[in-house]
Amino acid sequence: MDTSAENLILEAGKSEELRQALALVEDARAPDGSPRYATAACRALARMIVCRTYAKPLLELVHLVLAAGRAQADGRYESFFWSLDRATAAAFRARFQAADGGADAGPETVAVHTADGVFQVSYARMPVLAALLELLITTLGYRPVDDVLGSLMDAKARADRVTGKQAGAAANALSRALYAYLKDHLPAVQAQRRHRAFLEFIASRADGMLRAQAVDDDAVLAYWRAAAGGAGPGDQLADGESEDQIDSKTFTGVFRTALRLVHLLDAARGQRAVAEARPIGIDRAAGEVDPAEDETLLAAAEDAAGDLLAPLDAPPVDAIKFLNGPERDDLADLCLASGTGRRFPLSILRNARFGRGQAKITQALRRGAAGADLDAAIDTMLSDTEDYQALFETIRARADHIDRVLLASLRVLAEVRRPEAADLALLLEPDLALGDFADDTDASVIEDAPSGRPLDDAPDGAEIVSLAARRALDRFLDDLAAEAGTLADLGRRARTALKGLARRGFRPADLTAPPVIDGFARAGRPLAVIRKEAQDFAALDSDGTDWTALFAADRNAFAETFRAIYGAPYA
């Protein structure tokens, strides 16, 4: 498999806090300004952390700390580590070999004697272990780390009375603390396993190389069928089966994994291009990097972190029911990230029709359904499933609904004379002629309400607005509310839309609350993005694809795979 792709995903999966913590270790300097840790040691540390392979290194670190404490006259392991200007194998060897007793320093390793054995720590491993210690102190804090390691640095430890079990317990304590920290700063272990399995499958289809373009609708369906095909009859939800195994057998789980991977690959490549010092330009053959493209990729990663519907759930927008439950359900897959509909149109259709049907099957299994009952549930689900054409019509209807709530929002904002009404009008009508609202007032005059003052005379902190812009906005809002001039049609449609909505936030009594007005002001752009996604997806209906034939073929493919998963005798 193309390991660079896996590394990119691991890099993109780090939180900004973890990325900064690793950068602090990498940026640590010796007194002469040279790096304290070699690049190879920093890379090994980063991979150890993101791959969660730190259990054995922590055990090595505990024994190294024991050896370091015994090599110090004051018994403090910190004194040993910080006395080294640079953490190199040669520096550790020289330091241990110069110590007065307590450390059995050989040519390649230090032998750490415990009460019940000997543990060898290689000099070659010590730079990475020292970097790991610094990262632990950076992320967990000095006190929690010293509470674990310092407890070993007592008279008993110096008398070689620490047992292997005690050293192991200390390593386990550090491991638990690090695991708890990483839960908030790395993808879940199960997610990493799913990503790796999916990456290996995609790479096997592309001669070992992986690009975001290789993760498409065909790959999603093929991986799901391959992963599900290994299931025995009725073992979909067997006791003890892990969540990542279940997700590999549900089409929804595979689709979500694929979508996340695509955006992680995009974002990670953008992050790498930004981080590496390369000339700016558009000539990729010459190694140039286009900053505009990197910004797009990083923005895609932000979208992947939370779906496009999320802004509607944040105060004060959540005080208004722009979308009800069924409307949100129909748009959910489209809104997982910007551009999802264009990248995975068939997967969205398949998930809406068959993936959600599979969720009903798993619910039936949880309720104990088996045999004829399970067969009946599956047959009913397949026979009742609407075709793809119906979903396109539904999405088109949802786009039209969003258009109406945007128009209604425009009317609300115009009536209370909020400047956001102008932005929303342009979102609804990008080609709107605004020349009639031009003003020839001297732009050097400002207004801080209610009186205008010269620019040099403006008080600190005053809200400074060009008088020309204020007058233009006033004319715009007047015409919009009066349904006059070039805004007559838009104003009429906005009034009609508001009149036709009776849900929460749109009722007359709701429109007197300032938080509700603020919600309308903030919701315009997120709603416009969702509307664009729905419109683009609905337009695929007329792209010449035979969606009826695709639905029939997919129905057979899902029926066959359901039979492999659940062992049901149906076609």
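Computed from a predicted structure; not experimentally measured. In this numbering scheme, every chain counts its residues from 1 along its sequence in written order. Reporting of local features is limited, given that this is a predicted model, to residues whose pLDDT is at least 70; pairs of side-chain atoms are given and counted only at 80 or more, and all residues count toward the totals for whole chains, interfaces and linings. Note: side-chain values were computed over all heavy atoms of the structure, leaving out hydrogens and water.

J.: Describe in detail the sheet that holds strand 1 (residues 104–105), supporting the description with residues and values.
T.: As summarised here, the arrangement of the 3 strands in space is 1-2-3, forming an open sheet in which the pairing is antiparallel. Looking along the sheet, the strands with just one partner apiece sit at the ends: strand 1 and strand 3 (117–122). In this description, strands pair whenever DSSP reports at least two bridges between them. Each helix is a run of H or I in the DSSP string that is no shorter than four residues. Each strand is a run of E no shorter than two, and both are numbered from the N terminus. Note that strand 1 and strand 2 (residues 109–114) share 2 bridges and pair antiparallel. Paired with A105 across the bridge in strand 2 is V110. Residue contacts are counted whenever heavy atoms from the two residues lie within 4.5 Å of one another. Fitted lines through C-alpha atoms serve as axes, helices being fitted only where they are in contact, and the angles separating the N-to-C directions of these axes extend from 0 to 180 degrees. Lying over the sheet, helix 4 (residues 55–71) contacts strand 2 and strand 3, oriented at roughly 85 degrees with respect to strand 2.

J.: Report on helix 25 (residues 547–566), specifying residues and quantitative values.
T.: Residues lying three or four places apart along an α-helix face the same way, a consequence of the helix completing one turn every 3.6 residues. One fewer than the residue count of a helix, multiplied by 1.5 Å, yields its expected span. Helix length check: helix 25 (20 residues) gives 28 Å between terminal C-alpha atoms against 28 Å at 1.5 Å per residue, within 8%. Three labels apply to residues, based on accessible area from a 1.4 Å probe with only protein chains included: buried if under 20% of the type maximum, exposed if over 50%, partly exposed otherwise in between. Within helix 25, the full set of buried residues consists of W547, F551, D554, A557, F558, A559, T561, F562, I565 and Y566.

J.: I'd love a proper account of the packing of aromatic side chains, names of residues and values included.
T.: Aromatic rings from Phe, Tyr and Trp, with only the six-membered ring used for Trp, were paired whenever their centres fell within 6.5 Å, and each pair was classed as stacked if the ring planes differed by under 30 degrees, edge-to-face if by over 60, and tilted otherwise. Scanning the entire structure with this criterion turns up 19 aromatic pairs. Ring centres of F392 and W547 lie 5.0 Å apart, and the angle between their planes is 65 degrees; this geometry places the pair in the edge-to-face category. Within this pair, whereas F392 is found in helix 20 (residues 388–415), its partner W547 is found in helix 25, the two being separated by 155 residues in sequence. By relative accessible area, F392 is classed as buried at 0%. Here the aromatic residues W224, F251, F354, Y388, F551, F558 and F562 are joined through ring pairs into a cluster of three or more.

J.: Before we move on, could you go through helix 3 (residues 39–50) and cite the residues and values that matter?
T.: Over its 12 residues, helix 3 extends 17 Å from the first C-alpha to the last, a length consistent with the 16 Å expected when each residue adds 1.5 Å. Those residues of helix 3 that fall on the buried side of the exposure criterion are A41, C42, L45, A46, M48, I49 and V50. After helix 3 finishes, the residue R52 shows a positive phi value of roughly 55 degrees.

J.: Account for the environment of V215, naming residues and giving values.
T.: Mapped onto the fold, V215 is located in the loop between helix 11 (189–205) and helix 12 (217–228). Taking C-alpha positions, V215 is 6.8 Å from V262, a pair spaced 47 residues apart along the chain.

J.: Describe unusual backbone geometry, naming the residues involved and giving the relevant values.
T.: For the bond running from P315 to P316, omega is -5 degrees, close enough to zero to count as cis. The phi dihedral of R417 is positive, around 60 degrees, even though this residue is not glycine. Here R417 lies in the loop between helix 20 and helix 21 (420–428). Judged by its relative accessible area of 37%, R417 falls in the partly exposed class.

J.: Any chance you could break down the pairing of strand 3 for me, citing the residues and the numbers?
T.: With 6 bridges joining them, strand 2 and strand 3 adopt antiparallel strand pairing. Residue pairing across strands places A111 opposite Q120, the latter belonging to strand 3. The antiparallel hairpin formed by strand 2 and strand 3 contains 2 residues in its connecting segment.

J.: Could you give me a rundown of the packing of helix 4 against helix 10 (residues 164–182), with the residues and numbers involved?
T.: Relative to each other, helix 4 and helix 10 sit at 125 degrees, their axes nearing to 9 Å. Looking at the two axes, helix 4 sits oblique to helix 10. Crossing geometry of helix 4 relative to helix 10 is assigned as right-handed. Contact with helix 4, carried on its side by L58, L59, V62 and H63, involves A167, G168, A170, A171, L174 and S175 of helix 10 and no other residues of that element. By the convention adopted, Pro, Cys, Tyr, Trp, Phe, Met, Ile, Leu, Val and Ala count as nonpolar, Lys, Arg, Asp and Glu as charged, and the other residues, Gly among them, as polar. Along the lines of polarity and charge, the residues of the contact of helix 4 with helix 10 split into 7 nonpolar, 3 polar and no charged. Angles below 35 degrees are treated as roughly parallel, those above 145 as roughly antiparallel, those between 65 and 115 as roughly perpendicular, and all remaining angles as oblique. Note on convention: the crossing is left-handed when the near helix lies turned anticlockwise from the far helix by less than a right angle, right-handed when the turn is clockwise.

Limitation: the analysis is restricted to geometry and does not speak to function.
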